[in-house]
Amino acid sequence: MVFRSEEMCLAQLFLQSGSEYDCISELGELGLVEFRDLNPSVSSFQRRFVSEIKRCEEMERILGYLLREIQKANIAVPEEDESPLAPPPRQVLEIMEQLQRLEMELSEVAKNKEKLRRNLLELTEYTHMLKITRTFIHSRSRHEALGPQYEEFPTMETDSVSGCTGMQRLGAKLGFVSGLIQRVKVEAFERMLWRVCKGYTILSYAEVDENLADLDTGEISKSVVFLISFWGDQIGQKVQKICDCYHCHLYPHPENDEERADVLDSLRTRIQDLNNVLHRTEEYLRQVLQKASESAYTWVVQVKKMKAIYHILNLCSFDVTNKCLIAEVWCPVSDLANLRGALEEGSRKGDATVPSFVNRIPSNDTPPTLLRTNKFTSGFQSIVEAYGVGDYREVSPAPYTIITFPFLFAVMFGDLGHGMVISLFALWMVLTEKKQNKKRSSNEIWTTFFNGRYIILMMGLFSVYTGLVYNDCFSKSLNIFGSGWSVKAMFTNQNKTLQTNALLTLDPNFSGVFSGPYPFGIDPIWNMAVNRLSFLNSYKMKMSVVIGVVHMSFGVVLSVFNHLHFRQKFNVFLLFLPELLFLLCLFGYLVFMIFYKWLAFGARDSSQAPSILIHFINMFVMQGKDITPLYPGQMGLQIFLVIIAMLSVPVLLLGKPLYLYWLYRGGKGLRRRRGYERVRRVSEDDNSTAPSYEDDEEEGVDEVTNREFDFADVLLHQSIHTIEYCLGCISNTASYLRLWALSLAHARKFSTNNQFTLSFLCSNATLC
Amino acid sequence: RPFCELSFNVDHGYLEGLVRGMKAGILTQADYHNLAQCDTLEDMKLHLQSTDYGKLLSSSEEDLSVSLVDSKLRENLVTEFSCLRSNALPPLSTFLDYITYGYMIDNVVMLITGALKQRDVAELLPRCHPLGGFDQMAAVGIARTPTELYSAILVDTPLAPFFQDAVSDSNLDEMEAEILRNKLYKAYLESFHSFCKKMSGATGDIMCPVLEFEADRRAFIITVNSFGTDLSGADRSSLYPACGKLYPDGLRLLALAEDHEQVKAVASCYTDYKAIFEDPEPGSEFKSFEDRFFEQEVKLNILAFLQQFHFGVFYSYIKLKEQESRNIVWIAECVTQRQKSKIHNYIPIIQ
């Protein structure tokens, strides 16, 4: 982790045509540079390498199809540890061909399989239909024997037996339509049939016991077998149409029982055959997929890389001779040598006659911020980035976060035992990180924990430390060094209070009762004391304010480094100084009072110790003659500090805008000479082959003055900053009290928890 | 109900948020500009990938064609609509159903005319708009007269109430089918209009102008299309939806109109429609009055998004998205037929 973001430079890459692909591939593997778009006005489909990208997309589509099929067949795709390199352009066609062949083969087999499956389903439906309609016919013929009401609707059997019925005499033909329909649609179907055919039909239906898959969608649902008998062609057509409308699957109805038996027989054998063929097809499909799955991962990564390379190449522009591509990149200065090496390697791989090379070019643009991280610091960096990314070369706050973030957490969490639990959990994650990384878990909660494993480890370790300071281990105190308090001294003196009171107050004013402070942290005796809470509250509250003010002052001091680095000395006086004065005069003084009270008042005169809060409030209202001062001259000093703090606000608000305005209007004469120097230096740079690019002296000021100056804009910006800072100081100090509040909450929660579980266990034990 | 805005979000807040989010994905002028520059459908696909349509066109294995683009866009709209519909609570669900009735009417009429031309139902069904799909659709061709159509097939569908005026025993031919469509649509629009008027809150304020505009547009188009047919003025006036701004005086005048000039005279009495029938200014490109109606419709629908806590946004979103599909298909059509000069005749939605 570094103090500032990395120094960057703008470089031009001249990529010889023929080896440009390999060069970019090489650079991509290293991840060194950020490319700039050199043809922003060209829309995405008019760029040079669009056809290559399209080819990659086509390959991605095939791969997507392939992966879906592989997943459907429940075959695992083996992942390799190291990701494969982008394939050289010659190999691309080969991969493409392979993929296309696979796709064709697969779709052929899949189509066949689909056809077979559909066939099989149809045959099964047909079988069901035949079996069920037989029961209709039989039950109906039985009914007919009983009642006369079916005289006009002779069934097939009687028809074929008698040969001639009344209906045939009328010239009307009796027809049958039979098939399957989805269970949910039966009622609507029946209703429409009745309405359209005005009752000239008879519908009988029964549910199929098994759940059948739908022919088209493959959805499993309940079906119903129906048989419609009707008169006449007209009605027949209508029935047919209605059946179509409800997506019924119609099957020919057999003439008589013998035919039915025959059909059933042949169906049985056909179903058996189909099952065999289907099984074999599936086997074959599995083999193909198995083979494809072996290289699927490599292909996916390769195609992805290839597509990325062409996207990058689309950002480059062509030079006039069309012999090479020009790319502009931001590159860390320290990595220029690596960049050259990568280009050489790329040229060698691409068999280019002329090597590709780098040319550093000057630029006035603000370079991107690069902060290098490793697995330890990346978590902290991402916490900082959640708030914002610093400007180029600004001081990075992340290194300090490594300490402050876990520490502030620990102040709130402070418990030796719990801290230990957290650290052990984090330690386990850290030690097994290689194994966990490989698993690539997609569980969001787990990955959050895992990515923050080093943060959690630090938080745990700091909690152990603060737990020791608070002397809290699972809300119990540890007596390691022996308490500094002893009640014995009060016994030997035969004190009256000892005999008359049930509760004892240890009086430090008795000699021998308090033998000196506990060597480290809080004396364990406080754990038994009745006034434990008020003691700890007072301590933690003050500690929170002290930590908060120190933390905030540190942040303000860091800004000095920015001002100095950007050569904006005026900012030190016009921004930093008033900011620091405001903070220190108000809250720094509060910290001073806290320490003063700790040092100035001992056990003997503790009853006269004043309330800091009252003094601090009096400081603002500039009163307090009626209370005794902490030290001589307190009133005067306090009034002085408040006035300084109040005065620094207008300086902060108006100082910078007015100074910049002055520079813009009156300071021009002063600048001219420097501007001349600047021009000369640039012309010198042009002569040298590799221009050394350094921050110009007073560049910050130059930049500000050279730009079109908008006073209102600057003033607005500054007033927002002022309001934010002043209110921030006050509200942040209050917010740091949360350290105390949460620490209190944590300790209280677990001590009550302990009490309850213990009393519960005890009561259980007595019951037993 | 007063203060219904207070509880609007309890039932419909999620869907309103959803639809507003989807509206943000409507193509902008810049997108159209880029699309119009394309030389092939592949280019268009590439460009559409960078919009909210994403991988819509690239996921299919078929070759790109205008009809594929059309069906994919329609599929997309239906997916979005069914997502809204399946999450809707009453009365929003009723409102959304009302939107589909219009498409159902179109489907019914298309199936009837198809059946008259002896087309196969299986061939007609894929051409029906999926938003207006219903179970009994395929059986529509069976009916011979509107009465039969009503009593046998459509009585179970939500279209049944719109048949009150449309029931007749004359044989269905193409003309009759067209009249049936207009009668159904008239009943539908009037019913939708009164439904929206009864709605509490801003829904009525937003939806009524939109529906009134729709009613007037139909009246104009019926009139213009009836010139040269044997449809009399009295017949015509029974087809005009009676819920628009033209009702009643404008409609009476329209029924008397006999040529385009007289229609123009009627329109000139109404500020909203005056511009639509005006002759194009010399120098500007010619736009048919249908296109101008579309433009006006888009403007009205955009207005719906200015207010909150009402159902108008759902209707407007569907209509805008439909217009967008028409635009994309138009551009695709121009691109494939190399008619670059007409490519800019689409109707931009968001300026």
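For every chain, the first residue of the written sequence is number 1, and numbering continues from 1 onward in sequence order. All chains are assigned letters beginning at A, and all ligands numbers beginning at 1, according to the order in which they are written. Since the coordinates come from a predicted model, pLDDT governs what is reported: local features require at least 70, and pairs of side-chain atoms require 80 or more to be given and counted, while whole-chain, interface and lining totals use all residues. Side-chain figures throughout are based on the complete set of non-hydrogen atoms in the structure, without hydrogens or water.

Named according to an unreviewed UniProt entry, chain B is V-type proton ATPase subunit originating from Amphiprion ocellaris.

Note the cut-off: UniProt positions are given in the numbering used here, feature names are shortened, and annotations may be inferred rather than shown by experiment.
An unreviewed UniProt entry annotates chain A as V-type proton ATPase subunit a originating from Amphiprion ocellaris. Looking at the Sequence similarities (unreviewed entry) heading of the UniProt record, one finds this comment for chain A: "Belongs to the V-ATPase 116 kDa subunit family." In UniProt, chain A has this text filed under Function (unreviewed entry): "Essential component of the vacuolar proton pump (V-ATPase), a multimeric enzyme that catalyzes the translocation of protons across the membranes. Required for assembly and activity of the V-ATPase."

1. A look at the overall build of chain B
What counts here: Put simply, DSSP marks the helices as runs of H or I at least four residues long and the strands as runs of E at least two long, and each gets a number from the N terminus on. Relative accessible area decides the class of each residue, using a 1.4 Å probe on protein chains only: under 20% of the type maximum gives buried, over 50% gives exposed, and in between gives partly exposed. Any two residues whose heavy atoms approach within 4.5 Å at even a single point are treated as in contact. Throughout, the Shrake-Rupley method with a 1.4 Å probe supplies accessible areas, and for residues the shown protein chains are the sole cover considered.
Assigned secondary structure in chain B consists of 15 helices and 0 strands. Within chain B, buried positions represent 53% of all 351 residues. Once local pairs closer than 6 in sequence are excluded, the contacts in chain B between residues at least 24 apart make up 64%. Carbon together with sulfur atoms contributes 51% to the accessible area of chain B, which is approximately 15900 Å² in total.

2. Here we look at the UniProt feature "transmembrane region" (unreviewed entry) in chain A
Residues and elements named next belong to chain A. The positions that UniProt labels "transmembrane region" (unreviewed entry) are, in the present scheme, residues 407-431, 452-470, 543-561, 573-596 and 639-664. The distance separating the terminal C-alpha atoms of residues 407-431 is 23 Å; by composition the span is 92% helix and 0% strand. End-to-end, the C-alpha atoms of residues 452-470 are 26 Å apart, and along that stretch the chain is 95% helix and 0% strand.

3. Section: the environment of G132 of chain B
All names here are of chain B. Positionally, G132 belongs in the loop between α6 (121-124) and α7 (146-153). As for G132 and Y101, which are separated by 31 residues in sequence, their C-alpha atoms are 6.4 Å apart. Excluding anything up to four places from it in sequence, G132 contacts T100, Y103, M104, N107 and M137.

4. As for the sheet that holds strand β8 (residues 249-251) of chain A
Residue and element names in this part refer to chain A. What counts, and what does not: Following DSSP output, two strands are said to pair if at least two bridges run between them. Note on geometry: axes are lines fitted to C-alpha atoms, helical ones only across the stretch in contact, with angles between N-to-C directions running from 0 to 180 degrees.
If you trace the 4 strands from one edge of the open sheet to the other, you get β4-β7-β3-β8, paired in antiparallel fashion. Strand pairing shows two members of the sheet lacking a second neighbour, β4 (201-207) and β8, which therefore form its edges. Direction aside, the axes of adjacent strands within the sheet are offset by 25 degrees on average. With 7 bridges connecting them, β4 and strand β7 (residues 223-231) associate as antiparallel partners. Residue E207 lies in a different strand from β7, and its bridge partner there is V224. Relative to β7, helix α7 (residues 233-245) is tilted by about 160 degrees, and along the sheet it contacts β3 (174-182), β4, β7 and β8.

5. Brief notes about the environment of S325 of chain B
Relative to the helices and strands, S325 of chain B is located in helix α15 (residues 312-337). The sequence separation of S325 of chain B and V69 of chain B amounts to 256 residues, and the corresponding C-alpha distance is 8.9 Å.

6. Things to note about the packing of aromatic side chains
Two measures describe an aromatic ring pair: the distance that separates the ring centres and the angle between the ring planes. Residues and elements named next belong to chain B. Condition: Under the pairing criterion, centres of Phe, Tyr and Trp rings, with the six-membered ring standing for Trp, must be within 6.5 Å; the plane angle then separates stacked pairs below 30 degrees from edge-to-face pairs above 60, leaving the rest tilted. A ring is scored as having a charge over it whenever the NZ atom of a lysine or the CZ atom of an arginine sits within 6 Å of its centre and within 35 degrees of its normal.
Throughout the structure, instances matching the rule amount to 57 aromatic pairs over all chains. Ring centres of F220 and F277 lie 4.9 Å apart, and the angle between their planes is 45 degrees; this geometry places the pair in the tilted category. You can see F220 sitting in helix α9 (residues 202-226) and its partner F277 sitting in helix α13 (residues 271-277), a full 57 residues away along the chain. Note that K23 overlies the ring of F305, its terminal NZ or CZ placed 4.9 Å from the centroid. In this structure, R218 is placed above the aromatic ring of Y185, and the distance from its NZ or CZ to the ring centre is 3.7 Å.

7. Some words on the layout of surface pockets
Residue and element names in this part refer to chain A. Stated precisely, the cut-off is as follows: The method works on a 1 Å grid over the protein atoms by themselves. A cavity is a set of points holding a 1.4 Å probe that cannot get out, a pocket is an open set with protein on both sides within 12 Å along at least five of seven lines, and residues with an atom within 4 Å of a point line them. Grid points are joined across faces, edges and corners, and a volume is the space filled by probe spheres set on the points. For this scheme, ten residues count as nonpolar: Ala, Val, Leu, Ile, Met, Phe, Trp, Tyr, Cys and Pro. Four count as charged, namely Asp, Glu, Lys and Arg, and the remainder, Gly too, count as polar.
In this structure, the second largest pocket encloses a volume near 1500 Å³. Lining the second largest pocket are 34 residues, and of these W485, P508, W526, N531 and F535 sit closest to its centre. Elements with a minimum of two residues in the lining of the second largest pocket: α18 (532-565) and α19 (569-600). In terms of residues, the lining of the second largest pocket owes the most to one element, α18, which gives 6 residues. Within the lining of the second largest pocket, the residues separate by chemical class into 22 nonpolar, 8 polar and 4 charged.

8. Considering the side chain of D523 of chain A
Residues and elements named next belong to chain A. Note the following rule: Only four residue types enter the tally: Lys and Arg on the positive side, Asp and Glu on the negative side, with His and both chain ends excluded. The rule for a salt bridge is simple: a side-chain nitrogen of Lys or Arg has to be within 4 Å of a carboxyl oxygen of Asp or Glu. Whenever a nitrogen or oxygen atom comes within 3.5 Å of another N or O atom, the pair is scored as a polar contact, on the condition that within protein one atom can donate a hydrogen and the other can accept it, and that pairs from neighbouring residues in sequence are kept only if both atoms are in side chains.
Along the chain, D523 turns up in the loop between α17 (496-500) and α18. Nearest to the buried, unbridged D523 among oppositely charged side chains is R532, at 11 Å. A polar contact of 2.9 Å, which involves the side chain of D523, links it to the backbone nitrogen of G484. Those residues within four positions of D523 in sequence are excluded, and the remaining contacts are N471, S483, G484, W485 and Y518.

9. Focus: unusual backbone geometry
The step from P90 of chain B to P91 of chain B runs through a cis peptide bond, and the omega angle for that step is 5 degrees. Relative to the assigned elements, P91 of chain B resides in the loop between α4 (66-87) and α5 (92-116). Between Y247 of chain B and P248 of chain B the backbone carries a cis peptide bond, its omega angle lying at -5 degrees. Structurally, the position occupied by P248 of chain B is in the loop between α10 (233-237) and α11 (249-256). Phi at R567 of chain A is positive, roughly 55 degrees, even though this residue is not glycine. Its location among the elements puts R567 of chain A in the loop between α18 and α19. The phi dihedral of F309 of chain B is positive, around 60 degrees, even though this residue is not glycine. Here F309 of chain B lies in the loop between α14 (289-303) and α15. We classify F309 of chain B as partly exposed; its relative accessible area is 23%.

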